[in-house]
There are 2 protein chains.
Amino acid sequence: GPLAGLTVLDLTRVLAGPYATLVLADLGARVVKVETPGIGDDSRAFGPFVNDRSAYFLSLNRGKESIALNLKDDAHRQTFEALVATADVLVENYRPGTLAKLGYPWEILEALNPRLVYAAISGFGHTGPYSRRPAYDLVVQGMGGIMSVTGQEGADAPTRVGTSVGDITAGLFGVAGILSAVIERQRSGKGMMVDVAMLDCQVAILENAIARYTAQGEVPGPLGARHPSITPFESFAVADGHIIVAAGNDALFVKLCGAIGRPDLAADPRFATNTARTDNHGALAAELSAVLATRGRDDWLRILEDAGVPCGPINNVAQVLADPHVAARNMVIETDHPVAGRVRMAGNPIKLSRYDDPPTRDPAPELDADRAAVLARLGKGGD
Amino acid sequence: GPLAGLTVLDLTRVLAGPYATLVLADLGARVVKVETPGIGDDSRAFGPFVNDRSAYFLSLNRGKESIALNLKDDAHRQTFEALVATADVLVENYRPGTLAKLGYPWEILEALNPRLVYAAISGFGHTGPYSRRPAYDLVVQGMGGIMSVTGQEGADAPTRVGTSVGDITAGLFGVAGILSAVIERQRSGKGMMVDVAMLDCQVAILENAIARYTAQGEVPGPLGARHPSITPFESFAVADGHIIVAAGNDALFVKLCGAIGRPDLAADPRFATNTARTDNHGALAAELSAVLATRGRDDWLRILEDAGVPCGPINNVAQVLADPHVAARNMVIETDHPVAGRVRMAGNPIKLSRYDDPPTRDPAPELDADRAAVLARLGKGGD
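Residues numbered from 1 in each chain as written. Chains lettered and ligands numbered in written order. Predicted model: local features only at pLDDT ≥ 70, side-chain atom pairs only at ≥ 80, totals over all residues. Heavy atoms only, no water.

A. View of the overall build of chain A. A count of helices and strands for chain A gives 17 helices and 15 strands. Along the three orthogonal principal directions, the C-alpha set of chain A runs to about 80 × 45 × 40 Å. Residues counted as buried form 61% of the 383 residues belonging to chain A. Summarising the internal contacts of chain A: among those between residues at least 6 apart in sequence, 67% fall at separations of at least 24. (Helix = DSSP H or I, 4+ residues; strand = E, 2+ residues; numbered from the N terminus. Buried < 20%, exposed > 50% of the residue type's maximum accessible area, 1.4 Å probe, protein only. Contact = heavy atoms within 4.5 Å.)

Take a look at the structure:
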């Protein structure tokens, strides 16, 4: 991978941090997980399990190494400090203050290795009034606004985004921060601290919800599967389920009307422009729904694809993993774990022209499995 | 910013590509938008508008430059090729094949500049059976599985994630790919092509939904605001709305039970472990709901925070932007645009110890506003 030669010391647990270091490992970095002796990354205990190994842990930690170190033990601290001194990047996702309490605030880390890029991923960041508060994905999904725009229109019950976007986007912004600091270091010779907060990242992905509020004073709410300002751009019930139709501009709307045998709709002044269609959303949805309900999903997808109208099914996870395009893109890969055996998981979505994208990857490490190799690289035989 | 000195030639429109180049611009790269003469980025026409300027466009393109070039005009093509020859990175999010049809497949771009990092962000990627299909965010949200796990339990109507995670995650993976290729180039002296597909990125963020399916054969469905395997980790109705409670482990559950005056629940064998609590979710939710319904949101948040239980409000966008922590983290910034005036928008969530995080940023460019400056850097006076 393009990051070959980059060594990442990884103190992270569960999701936001491990997701960041997974991306780095997939890109070729050597990631050395430093785990608590006897316990390891908390997510080793998260179900579902395959032969007593967490499928969740296995999928987030493939291709990483593991060494168990007790950061309250003097000999282990020496080893840790030697690892810090030789690493390019250190990533942690403790609550702010935790690593400092162990004796390793940024000033000490920087003194140990002035070239170190230190990335701290946390719920609320290392500054600000909520800094020390605990956070989980769901907390920042709620506080950051994404839940206020996700769900059915007018619904009372709150809706969470079904995957942990609070953690995952923080992991991805963390990667961007880390790599930009590595690039800068090649010029300056100096590392720096990268402070990424999950809540900040939620604000950063609010997208047009913020523009609508700041420009118009409108507080956006949930709209089911519909786009707030593009129409028709939503799901429709068909004879045997639902499909997505995304006619993002006037030309696509004309194609859509032709494909479903209702060219008259394209000529209707109520539907002549995207703004008119959005203003008259209810009337248009009624017209389109009446036609679309008359046939099944596969028929409509074929008809709309042939007409060049962006559309698609609403797949469940089984359908996603069985999709021939997903397979062709190598987005379901496999690892062969010594205990869990062959485990399938999501692949790496970054495809590079000069690097392979192997369909099998190294498995996640057993706790402390790489102790000897990690110590040997430090020139240490001991503990 | 850490990416000062990096020049990004930006052919992107609307969201996934512009989001990637926004992150690069925020990190200090010079981003030169190449736009269609007279029209520009399609999103210049997307509402809401402030003094006739798109607030959506303004928020996604702050700090970038603009030059209008017609890639079917010979003189403009010469300028474009000179820009390619001197850029570090080229980003586009056309449908695969479009740039090649204009005469610029990767082989030609690479010949013009062997050091070029070429990032193509598209719906389905540059390989695979669906490669040439049009896609929008909603299409990949549907096809990629995230909609199948988002929404209320048992609901018939599909639910979209309320922000365009299909575009945004592709933008973020694009940034990771671009920066890793820039790092590699410092070793190899060669650029490469980075191919990122929105659908692939949706698969990559499915997280535990894939582990549950591959390990257990369970096809995950939507669960409202509840986590599939951690309990209690969900929203609860209180006297005046809803709050999030995220007791992610046994110790936090004991704290929660104490804080709400029901220590007996922590002693109940049905709720003794996370697995037991998840298996008996309905019974536990009934007990907790009965207590939580007796007081309002602010009371409970104060009580739970004091007890150290991760919790939070479900904020709408107005509440997010008014939050003192969001302000303290500089996550709402301002640009001063010559026509639109002062516009507020989301800030940069990557906070770096050696770089400022200015509360005001350069505004988005008017179409072709930087033509003279861009040409002057090429040593060209002409068009």
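Back to the text.
B. Summary view of the state of the cysteines. Residues and elements named next belong to chain A. Using the criterion set out here, one finds zero disulfides over all chains in the structure. Between Cys257, a cysteine without a disulfide, and Cys311, which holds the nearest cysteine sulfur, the sulfur-to-sulfur distance is 14 Å. Residue class for Cys257 comes out buried when judged on its relative accessible area of 0%. (Disulfide = S-S within 2.5 Å.)

C. Structural context of the interface of chain A and chain B. Across the boundary between the two partners, chain A contributes 135 residues, which contact 134 residues of chain B. Carbon and sulfur atoms supply 67% of the area that chain A and chain B bury against each other, a total of about 11400 Å² over both sides. It is His325, Arg329 and Arg354 of chain A that lose the most area in chain A upon contact with chain B, and together they represent 6% of the buried surface on that side. If you look at where chain A meets chain B, you find eight salt bridges. A salt bridge links Asp195 of chain A to Arg329 of chain B, with the shortest nitrogen-to-oxygen separation between them at 2.8 Å. Run the count over chain A and chain B and you get 57 residue pairs in polar contact (both at pLDDT 80 or more). Among the elements that line the side of chain A that touches chain B, the one with the most residues is helix α7 (residues 165-188) of chain A, at 15 residues. (Buried area = accessible area lost by both parts, 1.4 Å probe. Salt bridge = Lys/Arg side-chain N within 4 Å of Asp/Glu carboxyl O. Polar contact = N/O pair within 3.5 Å; in protein donor to acceptor, adjacent residues only side chain to side chain.)

D. View of the relation of the copies chain A and chain B. Superposing chain A onto chain B takes a rotation of 180° combined with a translation of 0.0 Å along the rotation axis, leaving an RMSD of 0.0 Å. Viewed as a symmetry operation, the transformation between the two copies matches a two-fold axis. Here 99% of the contact residues of chain A are again contact residues in chain B; the copies associate through an equivalent surface. (Least-squares fit on C-alpha atoms with pLDDT ≥ 70 in both.)

E. Structural detail: the pattern of salt bridges. In total, this model carries 56 salt bridges over all chains according to the counting rule given. Measuring nitrogen to oxygen at the nearest pair gives 3.4 Å for the salt bridge that ties Asp298 of chain A to Arg297 of chain A. Here Arg270 of chain B ties to Asp268 of chain B by a salt bridge, and the two come within 2.8 Å at their closest N and O atoms. Owing to a relative accessible area of 36%, Arg270 of chain B belongs among the partly exposed residues under this scheme. Judged by its relative accessible area of 17%, Asp268 of chain B falls in the buried class. Each of Asp26, Arg62, Lys351, Asp357 and Arg361 of chain A takes part in salt bridges that share partners, so that together they form one network.

F. Just the environment of Arg295 of chain A, in detail. All names here are of chain A. Relative to the assigned elements, Arg295 resides in the loop between α13 (281-292) and α14 (297-306). On the basis of relative accessible area, Arg295 is assigned to the partly exposed category, the value being 36%. Residues Arg295 and Thr278, spaced 17 residues apart in sequence, show a C-alpha to C-alpha distance of 25 Å. Contacts of Arg295, omitting those with residues within four sequence positions, involve Val238, Ala239, Trp300 and Ile303.

G. Structural view of the packing of helix α1 (residues 16-26) of chain B against helix α7 (residues 165-188) of chain B. All names here are of chain B. In contact at an axis separation of 8 Å, α1 and α7 are set at 50° when each is read in the N-to-C sense. With respect to their mutual orientation, α1 and α7 come out oblique. Relative to α7, α1 is oriented so that their crossing is right-handed. Contact with α1, carried on its side by Ala16, Tyr19, Ala20, Val23 and Leu24, involves Asp167, Ile168, Gly171, Leu172, Val175, Ile178 and Leu179 of α7 and no other residues of that element. Among the residues making up the contact of α1 with α7, the classes are represented as ten nonpolar, one polar and one charged. (Axes fitted to C-alpha atoms, helices over the stretch in contact; angles between N-to-C directions. Parallel < 35°, antiparallel > 145°, perpendicular 65-115°, else oblique. Left-handed = near helix turned anticlockwise from the far one by under 90°. Nonpolar A, V, L, I, M, F, W, Y, C, P; charged D, E, K, R; others polar.)

H. Region of interest: a positive patch on the surface. Positive charge collects at one region of the surface, where Lys72, Arg95, Lys101 and Arg132 of chain A together with Lys255 of chain B lie side by side. Here Arg95 of chain A is to be found in the loop between β6 (89-92) and α4 (98-101). Overall, Arg95 of chain A belongs to the partly exposed group, its relative accessible area being 43%. (Patch = residues over 30% accessible without salt bridge, like charges linked within 9 Å, V, L, I, M, F, W, Y side chains within 5 Å. Areas by Shrake-Rupley, 256 points an atom, 1.4 Å probe, with all protein chains shown as cover. Lys, Arg positive; Asp, Glu negative; His and termini not counted. Charge placed at Lys NZ, Arg CZ, Asp CG, Glu CD.)

I. Summary view of the pairing of strand β9 (residues 233-238) of chain A. Counting buried positions along β9 of chain A gives five out of six residues, so the element sits mostly inside the fold. Hairpin connection of β9 of chain A to strand β10 (residues 241-246) of chain A: two residues between the antiparallel strands. (Pairing = 2+ DSSP bridges.)

J. Main features of the environment of Ile210 of chain B. Here Ile210 of chain B is to be found in helix α9 (residues 208-216). Considering only alpha carbons, one finds Ile210 of chain B and Pro134 of chain B, 76 residues apart in sequence, at a separation of 26 Å. Setting aside residues no more than four positions away along its own chain, Ile210 of chain B makes contact with Val317, Leu321, Arg344, Met345 and Ala346 of chain A together with Val203 of chain B.

K. Broad picture of the sheet that holds strand β11 (residues 311-313) of chain A. Residues and elements named next belong to chain A. The sheet built from three strands is open, its strands ordered β9-β10-β11 with antiparallel pairing. Sheet topology places β9 and β11 at the edges, where each strand pairs with a single neighbour. Across the sheet, the axes of successive neighbouring strands diverge by a mean angle of 25°, strand direction being ignored. Where β9 lies against β10, six bridges are found, and the strand directions are antiparallel. For Ser235, the partnering residue across the bridge sits in β10 and is Ile244.

L. Representation of the pairing of strand β13 (residues 341-346) of chain B. As defined by bridge partners, strand β12 (residues 332-337) of chain B adjoins β13 of chain B across six bridges and the pair is classed as antiparallel. Within β13 of chain B, the residue paired with Val332 of chain B across the bridge is Ala346 of chain B.

M. Spotlight on the side chain of Asp370 of chain B. All names here are of chain B. Turning to its location among the elements, Asp370 is positioned in the loop between β15 (360-361) and α17 (371-377). Buried and unpaired, Asp370 has Arg377 as its nearest opposite-charge partner, separated by 7.0 Å. Apart from residues lying up to four places away in sequence, Asp370 is in contact with Lys64, Glu65, Ser66 and Pro365.

N. Inspection of α7 of chain B at higher detail. All names here are of chain B. In this model α7 runs 34 Å from its N-terminal to its C-terminal C-alpha over 24 residues, within 8% of the 34 Å that 1.5 Å per residue would give. With 21 of its 24 residues buried, α7 lies for the most part within the structure. Where α7 terminates, the next one or two residues include Gly189, which has phi positive at roughly 75°. (Expected span 1.5 Å × (residues − 1).)

O. Quick peek at the sheet that holds strand β13 (residues 341-346) of chain A. Taken in spatial order, the three strands make up an open sheet running β13-β12-β15 (chain A), and their pairing is mixed. Since the sheet does not close on itself, it has two edges, and those belong to β13 and β15 (360-361) of chain A, each with one partner.

P. Spotlight on the packing of aromatic side chains. Residues and elements named next belong to chain A. According to the stated counting rule, one finds ten aromatic pairs over all chains in the structure shown. Note on Phe46 and Tyr56: the rings are 5.8 Å apart at their centroids and 40° apart in plane angle, and the pair reads as tilted. Here Phe46 is found in the loop between β2 (30-35) and β3 (49-50), whereas its partner Tyr56 is found in helix α2 (residues 55-60), with ten residues between them in sequence. Residue classification places Phe46 among the partly exposed residues on the basis of a relative accessible area of 24%. Sitting over the face of the ring of Tyr130, Arg133 holds its NZ or CZ atom 4.0 Å from the ring centroid. Positioned above the aromatic ring of Trp300, the side-chain terminus of Arg295 is 5.7 Å from the ring centre. (Phe/Tyr/Trp six-rings, centres within 6.5 Å; stacked < 30°, edge-to-face > 60°. Lys NZ or Arg CZ within 6 Å of the ring centre and 35° of its normal.)

Q. Summary view of the packing of α7 of chain A against α7 of chain B. Where α7 of chain A contacts α7 of chain B, the axes come no closer than 10 Å and their chain directions differ by 25°. Judged by the inter-axis angle, α7 of chain A sits roughly parallel to α7 of chain B. Both α7 of chain A and α7 of chain B take part in a crossing whose hand is left-handed. Facing α7 of chain A, whose interface residues are Val165, Leu172, Phe173, Val175, Ala176, Leu179, Ser180, Val182, Ile183 and Gln186 of chain A, α7 of chain B presents Val165, Leu172, Phe173, Val175, Ala176, Leu179, Ser180, Val182, Ile183 and Gln186 of chain B. Residue classes in the contact of α7 of chain A with α7 of chain B are distributed as 16 nonpolar, four polar and no charged.

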